[in-house]
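Structural description and commentary
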Amino acid sequence: MSYAKFVASLIRANLGNINKIRISPSTCLSTVASPKSSQEEKEQQLDGCTVVQAEPLELISQTKDARKVYLDNIQIDFDNTEEAYKSKGNLELLRSLLVFHLCSVDFLVDKNKELMELTKNLLGQRVFEKLMKMTFYGQFVAGEDHNSIKPLIQKNQSFGVGAVLDYSVEEDLTQEEAEKKEMDSCVSEAEKESPGVFVSTDHREKKYKAHRQFGDRRGGVISARTYFYADEAKCDNQMETFINCIKASGGASSDGFSAIKMTALGRPQFLLQFSEVLVKWRQFFHFLAAQQGKSDMSALEKILELEQLKENLAQLGVGAKDDIENWFTGEKLGSSGTIDLLDWNSLITDTTKISNLLMVPNVETGQLEPLLSTFTAEEESQMKRMLQRVDILAKHAVENGVRLMVDAEQTYFQPAISRLTLEMQRKFNREKPVIFNTYQCYLKEAYDNVTLDVELSRREGWYFGAKLVRGAYMYQERARAQEIGYEDPINPDYEATNRMYHKCLEYVLEEIEHNRKANVMVATHNEDTVKFTLEKMNEMSLSPVENKVYFGQLLGMCDQISFPLGQAGFPVYKYVPYGPVNEVIPYLSRRAQENRGFMKGSQRERSLLWKELRRRLVGGQVFYRPVY
């Protein structure tokens, strides 16, 4: 059954019944379906990497087809400062102490941009850059270009720590400039030309529309870069920047990552609109599931009985029972007698015109209509070019032996971002994990997102790749939901987010245990989460040398976690920003803000730095320099 035929039939249903659907808003899963397969290939390939401080290690079997590693216990001492900071000279330890202390002073953090500008005016550009490289820039940024970052990357690698390269240059826009750019890029030409018409006839959900008071997407965001659309040439330039970053990652290491953001690659209007379509179709699936008494089940557990589904659709007036059966069998759906959310999502497929993806039922007219009444030829081209840029980046990642990490963004963009990322995974993750999607565990629906995408990868036989984070947009998301009037997508508190993170992580680890085609990066500064991961790896006999579980932290932060893990043989990576001093000041400003909360909440990192510095001074290592 084609998407258009199904929707057209659905529109002819009893629209009064459809109009009674009341489902709490939620973000759509980034999933599409394929025929179910029982085949589950297991690969347990081990690298020749040695494991330090992980004992005892007993190789039970080393056949060519399968290898099993049994680990009685993995012990990592995060209090061992000698191991944690052996890659740092004494001056680097002093710099860390100074920077972290300054980050705990409210006045300096609140006025950091003004103070940096004043310092530059007083000292001049050259002295200012030198001062920044001795302090904040040197702490959190690797260098100005892909050549200058190589020494730091190579040093970290010698201590077991890899790199996720991230070119961290941003435009330094005023709030007014940011709001104007956002409104221009998220509102269609048709809406701009006839705003009054769309106010009276628009049936779009307000969550997926641009709102000027939240047009500056930097507000309430600390740890994520923000891109604003200017024109297609700017998107091409940003794609070239990502390509250079991919090449730099491939040239600097043999197993690196590179990070990208979808909002840098095209006009966000398409992400908003496609997200809304995905959400509305998922909501209708949940409505049908509720009719079968399955409203309280998780997304993956909602499996609809085909016969009852036929009856429900017939009652809605979609079509005769036999016609409905032909629709589903025509798409090779329902052959098992059931339909799940993955099958349902496959109804939305690629079409010749990308704007056809943005079709939704208009309950007032009873017709299949686009979200907007008019798409210009240029808007159609802009959508296609965004998809083409994404495809180009994935191909460059494969050619350079680099894994591509797609960063998560706001919930009103994320359904489309995740769907596009998943399409890349289906295409490029056939032989190994190349594309990694990011899951924000502060979202109420994070577990559903993870479980459905894992299930799809299992059915289709490709490598699932995920980065788990807590999330970067909490304050902005909550404020926007409250003011505009839709359900808060964020978990109620930090503990709920911790539970969600561990729940998602444990599910992926179990998938790795049973099917070696899943991979996960545990991106966290939370030491308890790292210990939780190690504990689960012990329980499941997951060896670090299999390179299925990675750890990630930001450059300049939590070295007491990263380096002990790396030296114990675990795949661990630093998120490595780089770029010219003046152009990464917005990034440095956020690091200062993030470290204020981090350092006020815990003195642990500073106390460990002091402990190691005292140990060296007492031991006569006044001029300690790392050897590698």
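Look a little higher up for the structure.
So, a few notes on the structure that sits alongside this text.

Rules and cut-offs
- Residues numbered from 1 in each chain as written.
- Predicted model: local features only at pLDDT ≥ 70, side-chain atom pairs only at ≥ 80, totals over all residues.
- Heavy atoms only, no water.
- Helix = DSSP H or I, 4+ residues; strand = E, 2+ residues; numbered from the N terminus.
- Contact = heavy atoms within 4.5 Å.
- Core = buried A, V, L, I, M, F, W, Y, C linked by side-chain atoms within 4.5 Å.
- Buried < 20%, exposed > 50% of the residue type's maximum accessible area, 1.4 Å probe, protein only.
- Pairing = 2+ DSSP bridges.
- Axes fitted to C-alpha atoms, helices over the stretch in contact; angles between N-to-C directions.
- Parallel < 35°, antiparallel > 145°, perpendicular 65-115°, else oblique.
- Left-handed = near helix turned anticlockwise from the far one by under 90°.
- Nonpolar A, V, L, I, M, F, W, Y, C, P; charged D, E, K, R; others polar.
- Expected span 1.5 Å × (residues − 1).
- Arc of directions from axis to C-beta.
- Phe/Tyr/Trp six-rings, centres within 6.5 Å; stacked < 30°, edge-to-face > 60°.
- Lys NZ or Arg CZ within 6 Å of the ring centre and 35° of its normal.
- Polar contact = N/O pair within 3.5 Å; in protein donor to acceptor, adjacent residues only side chain to side chain.
- Salt bridge = Lys/Arg side-chain N within 4 Å of Asp/Glu carboxyl O.
- Patch = residues over 30% accessible without salt bridge, like charges linked within 9 Å, V, L, I, M, F, W, Y side chains within 5 Å.
- Areas by Shrake-Rupley, 256 points an atom, 1.4 Å probe, with all protein chains shown as cover.

For the rest of this paragraph, the subject is the overall build of the protein. Helix and strand counts for the protein come out as 26 helices and 14 strands. Looking at the protein alone, contacts between residues at least 24 apart form 80% of all its contacts between residues at least 6 apart.

Turning our attention to the nonpolar core. Residues L468, F551, L565 and F570 are the most contacted members of the largest nonpolar core, which totals 39 residues. Put simply, the parts of the chain that give this core at least two residues each are α20 (446-460), β11 (464-469), α22 (494-514), β12 (518-523), α23 (527-540), β13 (549-554) and α24 (559-567). At 8 residues, α22 tops the list of elements feeding residues into this core. Discounting chain neighbours no more than four positions away, the residues touching L565 are I76, F78, V530, L534, F551, F570 and V572. The next biggest cluster of nonpolar side chains, apart from the first, holds 37 residues, and it includes L97, M132, Y550 and L554.

What follows deals with the environment of R604. Here R604 is to be found in helix α26 (residues 604-618). A C-alpha to C-alpha distance of 9.7 Å links R604 and D79, two positions 525 residues apart in sequence. Setting aside chain neighbours within four positions, we find R604 in contact with F78, D79 and E527.

Our focus in this paragraph is the pairing of strand β4 (residues 257-260). Residues F257 and A259 line one face of β4 and the alternating positions S258 and I260 line the opposite face, and both faces are buried. Strand direction decides the pairing type here: strand β3 (residues 161-167) and β4, joined by 2 bridges, are parallel. What sits directly across from L165, in β4, is S258. As defined by bridge partners, β4 adjoins strand β9 (residues 403-406) across 4 bridges and the pair is classed as parallel. The partner of I260 across the bridge, within β9, is V406.

With that settled, the discussion passes to the packing of α20 against α22. Running from amino to carboxyl end, α20 crosses α22 at an angle of 10°, the nearest separation of the two axes being 9 Å. Comparing their axes, α22 and α20 come out roughly parallel. Crossing geometry of α20 relative to α22 is assigned as right-handed. Facing α20, whose interface residues are A446, Y447, V450, T451, V454 and R458, α22 presents M500, K503, C504, Y507, V508 and E511. Partitioning the contact of α20 with α22 into residue classes produces 8 nonpolar, 1 polar and 3 charged.

This part covers helix α6 (residues 112-123). Across its 12 residues, α6 extends 16 Å between first and last C-alpha, which sits within 8% of the 16 Å expected from 1.5 Å per residue. For α6, every residue scored as buried is listed here: N112, M116 and K120. Buried residues of α6 fall within an arc of 75° about the axis and therefore sit on the same side. In α6, the exposed positions angled more than 90 degrees off the buried face are occupied by N121 and L122.

Once that is clear, we can look at the packing of aromatic side chains. Ring pairs (aromatic) are described by centroid distance and by the angle formed between their planes. Summed over the entire model, instances satisfying the criterion amount to 13 aromatic pairs. The ring centre of F228 lies 4.9 Å from the NZ or CZ of R217, which sits over that ring. Geometry around Y501 places R470 over its ring, the cationic atom sitting 4.5 Å from the centre.

Turning to α23, a few remarks are in order. The first and last C-alpha atoms of α23 sit 20 Å apart over 14 residues, in line with the 20 Å expected at 1.5 Å per residue. Residues of α23 that are buried include every one of E527, T529, V530, F532, T533, L534, K536, M537, N538 and M540, and no others. At the N-terminal end of α23, a side-chain oxygen is found 2.9 Å from the backbone nitrogen of D528, two or three residues along, and the residue is N526. Looking one or two residues beyond α23, the residue adopting positive phi is S541, at roughly 55°.

Now for the side chain of D216. On the secondary structure map, D216 appears in the loop between α12 (195-201) and α13 (232-252). For D216, a relative accessible area of 15% corresponds to the buried category. Once you skip the residues sitting within four places of it in the chain, D216 turns out to touch Q175, A178, E179, F228 and Q476.

Let us look at the pattern of salt bridges. Using the criterion set out here, one finds 37 salt bridges in the structure. Of the charged contacts in the structure, one is a salt bridge between D448 and R282, with a shortest N-O distance of 3.7 Å. Of this pair, D448 sits in helix α20 while R282 sits in helix α14 (residues 268-291), placing them 166 residues apart in sequence. Across the pair, exposure class does not vary: D448 and R282 are buried alike. The structure contains a network of salt bridges with shared partners spanning D340, D343, E455, R458, R459 and E511.

Taken in spatial order, the 8 strands of this closed barrel run β3-β4-β9-β10-β11-β12-β13-β14, and their pairing is parallel. Across the sheet, the mean angle from the axis of one strand to that of its neighbour is 30°, orientation sign disregarded. Contacts from α22 reach β11, β12 and β13 within the one sheet, and its direction differs from that of β12 by about 150°.

Taken together, the side chains of L118, L122, L123, V127 and L131 present a nonpolar region at the surface, about 450 Å² in accessible area. Of all the elements in the fold, those that place two or more residues in the nonpolar patch are α6 and α7 (125-134). With 3 residues, α6 is the single largest residue contributor to the nonpolar patch. Tracing the chain through its elements places L131 in helix α7. Given the relative accessible area of 36%, L131 is considered partly exposed.

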